[in-house]
Structures are given as structure tokens and as C-alpha cells.
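Chain by chain, the residues run as shown.
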Amino acid sequence: MKILIVDDEEANVKLLSVILSRKGYETLKAYDGESALAIVGKQDVDLILLDVMMPGISGFEVAKRVKAIKQIPIIMVTGLMDRDKIIEGFKNGADEFLSKPYLQEELLLRIGNILKVKEYQNNLEGVVEERTKSLKEALRRLNIVNKEVMHRLLVAAEYRDDNTGKHVVRVGEYSRIIAEGLGLDKEYIELIQQTAPMHDIGKIGVSDLILNKPDKLTFEEFEIMKTHVIIGTRIIEKGESPLIETAYDIILHHHEKWTGQGYPNSKKGKDIPLSGRIVALADVFDALTSARPYKPGFAWDKSVSIIKEEREKHFDPDVTDAFLNNQEKIKTVYDQYTDNTRIEKTNVA
Ligand SMILES: [Fe+2]
């Protein structure tokens, strides 16, 4: 244990040093406040014995400056024991007072006690640090498990009508590009990208006969198809994790329209969560460019112009602009994740 002795009287320093060295403490010496602060700045010190009355910086000032940078226990050794001064000392960071002349035994007991408390605090900090680390690791693992479970659910839901899985990847990527174009924060962008692919998870509860019908759906069949939104929300259920919460919002709102003519709740404008407004556009764009059992895929230009026409009708105008302003990036994803569901025909109406 290293103890710094600060006193302008050399004899006092010498005496204290002898007493402490005999008890096995290592001592450092300073004869004014400036040198004491210099030592504290450079070395690890476990305790300071600090004289109050010194030329230059006073002991109180030294205590204050030490505590501003390091949590080192300080015992003020002083002849003046007026109550106001003691209070001032405590306010400045003193942990103990010892009046001169002091008994050697009392000095050593006080030092021993303070160092015991310091050691306890150090251990406690170590335990807290260790537990915080374990907690962070547990959260990190939980996050990975969450993502994995979401991914597996997704695979199950998409297996029947998109066994390449590329539709959901494209919707995730388009949504990310739009979110970036809107200048949203990094964490939210990542959430959108991860959860956008979940938008149609409720299709797991819709009959294959309807999902894969080669013709346009009848009114009744379309009503059944629409239930995929509600089925999806039942699968996910609004939870407390941002991942589940965002997935829920996307599932529930990806068929709502800016003008309020969508389903299931005919929500309008900004009443529709932003994540839902983003995925609505990404999903429609991907549907336009992809072939379905009842239609071929539209060409790129045709699909973009339909999106443009639907600005402020089906789609949020800001979301539409973010999409239109980032067409190059969208095109890269479009080309990268191509699959056999896309039949490009420039003459398709
Ligand atoms: Fe959908």
C-alpha cells in the first residue's frame, strides 16, 4: 500500500514516514501542495496524509483537486480543529481528520480502517464491472437468439410461395435504402431491415389454394387473403423488445395507405407507423417487378412510374421521395437478388 505524506515541515514528514514504513507501508513524500498534486497525477496512491496549513496551495484546496481526478482517501492531519474548518475539510473531500499531536496507535488504526473501506469499494467495483459484463453478454446472446427465431419463422412462412427467400430479402433491402434516404438513425434502419422481411408472416395461415391461385382472387378470396395481417400480428404479438415491436407494426400496417383506403384499419397519413409506410412501398415495388401466379412482372421503368403516381395516394410522399432519390441503390439490390419470379417485359401494361 502506497501512502503519500504531505506536510511543509520536514520533521513531520520524516516521523510519519518512519512510523508507516515500520508497518510495511510504502511512503511518498511531498512538502507542498503543488508537488503532492504532481505525484497524484503520475502515480497510484492508496491514501494521502495531508497537512492543512501549508504555504502556497492549502491542504483543503489540494484535497479538492485530488478528488476531482481520483478517488483517493484523504486524512487531514492538522492542529486546528475548529468545527467550521472540519466541515470545510469534509466538503472539500477529506475522509478523516487527525489532530496534532496524535497518538501513533490512533494514526495507524485510522489508516487501517480507511484502507479496509477502500479495498472493499475496489472489490465492489470489480464485482459490479464483472456483473455488467455478464449482463451485456447475456443480452447480446438473447439478441442473436431473437434474430434467429425471427429468421426461422420467416423461413417457415415463406416456404410455400417463395422458397428462394429472395422476395423477403429484397423487401428488407429496399426498406433499408428508403430508411437511409429518410436520414433515420442507424439503429432504427437496422431494425427496419431485420423486420421488414416479416411483413407477410401471417400468410402461413392462408390456404395454398388462395396463395397460389393462378387467377385474380374473388372478393371473398381477397377478404381471406387480407386476414394474413391479423394472423401475423397474432403470431408476433406486441412485445417489449424493439425487434418484436417493429415487426408487429410492419405486419399490421404494411397494407395501409397514405389516404386511408388500406386495410385492416384504414389508418391514414402519419397515423400509420413509419416502419409500416416504408415497407408498404418496398413490398408493392417488389410485387410490381415480380411475376405472380396471376400476372407477369412489370419492367423497372413501368414499376417506378407506378410508384411515382401513387405518391401521396398509396404512399407517404417523403417515403416515395426517399425511394425515387435512391433508385440507383434500389436497382443494385434488384439486380443482385434476381430470381425466376421476375419476367421482364417492357411492353406489359
Ligand atoms: Fe402482405
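Residues numbered from 1 in each chain as written. Predicted model: local features only at pLDDT ≥ 70, side-chain atom pairs only at ≥ 80, totals over all residues. Heavy atoms only, no water.

Participant: Please clarify how the coordination of the iron ion should be interpreted in this entry.
Facilitator: In an ideal octahedron of six donors the angles at the metal are 90 or 180 degrees, and in an ideal tetrahedron of four donors they are 109.5 degrees. At 2.0 to 2.3 Å from the iron ion lie its protein donor atoms, namely Asp 200 (OD), His 228 (NE2), His 254 (NE2) and His 255 (NE2). Here the donor residues of the iron ion are spaced in sequence according to D-x27-H-x25-H-H. Of the two residues, Asp 200 sits in the loop between helix H7 (186-195) and helix H8 (208-211) while His 254 sits in the loop between helix H10 (242-253) and helix H11 (274-289), which places them 54 residues apart along the sequence. By the burial criterion, Asp 200 is buried, and His 254 matches it. (Donors = N, O, S within 2.8 Å, 3.2 Å for Na, K, Ca; no water. Helix = DSSP H or I, 4+ residues; strand = E, 2+ residues; numbered from the N terminus. Buried < 20%, exposed > 50% of the residue type's maximum accessible area, 1.4 Å probe, protein only.)

Participant: Looking at this structure, I do not really get the side chain of Asp 51. What am I missing?
Facilitator: With respect to the helices and strands, Asp 51 occurs in strand E3 (residues 47-51). There is a polar contact of 3.3 Å between the side chain of Asp 51 and the side chain of Lys 100. Discounting chain neighbours no more than four positions away, the residues touching Asp 51 are Val 6, Asp 7, Asp 8, Gly 59, Met 76, Val 77 and Lys 100. (Polar contact = N/O pair within 3.5 Å; in protein donor to acceptor, adjacent residues only side chain to side chain. Contact = heavy atoms within 4.5 Å.)

Participant: I'm lost on the packing of H7 against H10 in this one. Help?
Facilitator: To characterise two packed helices, one gives the angle between the axes of the helices and the distance between these axes. At a minimum axis distance of 9 Å, the contact between H7 and H10 shows a crossing angle of 60°. Relative to H10, the element H7 lies oblique. In the packing of H7 onto H10, the handedness of the crossing is right-handed. Judged by residue contacts, Leu 191, Gln 194 and Thr 195 of H7 engage Pro 242, Leu 243, Thr 246, Ala 247 and Ile 250 from H10. Residue composition of the contact of H7 with H10, by class: five nonpolar, three polar and no charged. (Axes fitted to C-alpha atoms, helices over the stretch in contact; angles between N-to-C directions. Parallel < 35°, antiparallel > 145°, perpendicular 65-115°, else oblique. Left-handed = near helix turned anticlockwise from the far one by under 90°. Nonpolar A, V, L, I, M, F, W, Y, C, P; charged D, E, K, R; others polar.)

Participant: Is there a simple way to think about the pattern of salt bridges in this case?
Facilitator: Should the charged atoms of two oppositely charged side chains come close, the side chains can pair. Counted according to the given criterion, the structure contains 20 salt bridges. Note that Lys 226 is salt-bridged to Glu 223, the shortest N-O span being 3.1 Å. Pair noted here: Lys 226 and Glu 223 are both in helix H9 (residues 219-236), with a separation of three residues, about one helical turn. With its nearest N and O atoms 2.8 Å apart, the salt bridge here joins Asp 321 to Arg 311. Residue Asp 321 is located in helix H13 (residues 317-325), and its partner Arg 311 is located in the loop between helix H12 (300-309) and H13; the two are separated by ten residues in the primary sequence. In the salt-bridge network here, residues are joined through shared partners; they are Asp 7, Asp 51 and Lys 100. (Salt bridge = Lys/Arg side-chain N within 4 Å of Asp/Glu carboxyl O.)

Participant: Explanation requested: a nonpolar patch on the surface in the structure shown.
Facilitator: On the surface, a nonpolar cluster with roughly 310 Å² of combined accessible area is contributed by Tyr 120, Leu 124 and Val 128. With respect to the helices and strands, Val 128 occurs in helix H5 (residues 104-158). (Patch = residues over 30% accessible without salt bridge, like charges linked within 9 Å, V, L, I, M, F, W, Y side chains within 5 Å. Areas by Shrake-Rupley, 256 points an atom, 1.4 Å probe, with all protein chains shown as cover.)

Participant: How should H11 be read in this particular structure?
Facilitator: Every α-helical turn comprises 3.6 residues, leaving residues that sit three or four positions apart pointing alike. Between its terminal C-alpha atoms H11 stretches 23 Å, which fits the 22 Å expected from 16 residues at 1.5 Å a residue. Counting buried residues in H11 gives 13 out of 16 residues, a clear majority hidden from the surface. (Expected span 1.5 Å × (residues − 1).)

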